Amino acid sequence: MSGVIKMTVSARTVRGFDLSQFNVVDLDCYGEPWEVWGELAKMITGETAVFLTHGHVSRSSTMISKFLRAASGIPLNWDIPKDTSLARRLGSDFLLSTLQPFQVRNALHIEHARVTYYGLLLAGAKLAP
């Protein structure tokens, strides 16, 4: 379809992307979207609808990436329990921290046992008071 790009997304690949051509971002990384979202958030300038999917179930890891641990100030050598509530909370806190420069026109949050969905309508940077 015209205007649709499907690709393997990483923080590195989005840095070379011209996001100004798009007004909808749907980020579903089959896990944590936070590192990629952190890069995308720096690039949004106009009104943009953003959909983020945060999967927080894993059998082999702590469900909290090295990126999110570092962003949250949690040492990498700590043995973190496999607890979805902690993964959800840290993800939500990171998302809120990245929304500071924006006007959030509308927001939706849906939580299921294995995944959390966020829908946001963002306007460009907040005007100075």
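Computed from a prediction, not measured in an experiment: that's the story for all the values here. (Residues numbered from 1 in each chain as written. Predicted model: local features only at pLDDT ≥ 70, side-chain atom pairs only at ≥ 80, totals over all residues. Heavy atoms only, no water.)

1. Notes on the overall build of the protein
And step 1. Helix and strand counts for the protein come out as 4 helices and 4 strands.
And step 2. Within the protein, buried positions represent 37% of all 129 residues.
And step 3. For the protein, the proportion of contacts with a sequence separation of at least 24, taken over those separated by at least 6, is 56%. (Helix = DSSP H or I, 4+ residues; strand = E, 2+ residues; numbered from the N terminus. Buried < 20%, exposed > 50% of the residue type's maximum accessible area, 1.4 Å probe, protein only. Contact = heavy atoms within 4.5 Å.)

2. Structural notes on a nonpolar patch on the surface
And step 1. A cluster of nonpolar side chains, contributed by L108, I110 and Y117, occupies part of the molecular surface with about 270 Å² of accessible area.
And step 2. Locating I110 in the fold gives a position in strand β3 (residues 102–111). (Patch = residues over 30% accessible without salt bridge, like charges linked within 9 Å, V, L, I, M, F, W, Y side chains within 5 Å. Areas by Shrake-Rupley, 256 points an atom, 1.4 Å probe, with all protein chains shown as cover. Salt bridge = Lys/Arg side-chain N within 4 Å of Asp/Glu carboxyl O.)

3. Considerations on the packing of helix α2 (residues 34–43) against helix α4 (residues 84–98)
And step 1. The interhelical angle for the contact between α2 and α4, taken along N-to-C directions, is 5°, at an axis separation of 10 Å. By the angle between their axes, α2 is roughly parallel relative to α4. Residues W34, W37, G38 and A41 of α2 pack against G91, F94, L95 and T98 of α4.
And step 2. Class assignment of the residues belonging to the contact of α2 with α4 gives a composition of 5 nonpolar, 3 polar and no charged. (Axes fitted to C-alpha atoms, helices over the stretch in contact; angles between N-to-C directions. Parallel < 35°, antiparallel > 145°, perpendicular 65-115°, else oblique. Nonpolar A, V, L, I, M, F, W, Y, C, P; charged D, E, K, R; others polar.)

4. Things to note about the packing of aromatic side chains
And step 1. Following the criterion strictly, the structure yields 3 aromatic pairs and no others.
And step 2. Plain terms: the ring middles of F67 and F94 are 5.4 Å apart, the flat faces sit at 85° to each other, and that makes the pair edge-to-face. With F67 in helix α3 (residues 66–72) and F94 in helix α4, this pair connects stretches of sequence that are 27 residues apart.
And step 3. For F94, a relative accessible area of 13% corresponds to the buried category.
And step 4. Following the ring pairs from residue to residue traces out a cluster consisting of W34, F67, F94 and Y118. (Phe/Tyr/Trp six-rings, centres within 6.5 Å; stacked < 30°, edge-to-face > 60°.)

5. Topic: the pairing of strand β2 (residues 48–55)
And step 1. With 6 of 8 residues buried, β2 lies mostly within the body of the structure.
And step 2. Here strand β1 (residues 24–28) runs beside β2; their pairing, made up of 5 bridges, is parallel. When the bridges of β2 are listed, L27 appears paired with L52.
And step 3. Between β1 and its parallel partner β2, the chain crosses via α2, and the hand of that crossover is right-handed. (Pairing = 2+ DSSP bridges. Right-handed = clockwise from strand over helix to strand, strands pointing away.)

6. Some points on the confidence of the model for the protein
When pLDDT drops low, the exact placement of atoms in the prediction is not to be read closely.
And step 1. Model confidence for the protein is summarised by a mean pLDDT of 85, while 87% of its residues fall at 70 or above.
And step 2. By mean pLDDT, the top-scoring element of the protein is β3 (95), and the lowest-scoring one is helix α1 (residues 11–15) (83). (pLDDT = per-residue confidence, 0-100.)

7. Description of α2
And step 1. Most of α2 sits inside the fold, with 8 of its 10 residues counted as buried.
And step 2. Among all positions of α2, only W34, V36, W37, G38, E39, L40, A41 and M43 are buried.

8. Re the nonpolar core
And step 1. Grouped together as the largest cluster of nonpolar side chains are 27 residues, with contacts concentrated most on W34, W37, L40, L52, L95 and L122.
And step 2. Elements supplying a minimum of two residues to this core: β1, α2, β2, α4 and β4 (115–125).
And step 3. Looking at which element gives the most residues to this core, the answer is α2, with 6 residues.
And step 4. Discounting residues that sit within four places of it in the chain, W34 has contacts with L52, H54, F67, L68, G91, F94, L95 and Y118. (Core = buried A, V, L, I, M, F, W, Y, C linked by side-chain atoms within 4.5 Å.)

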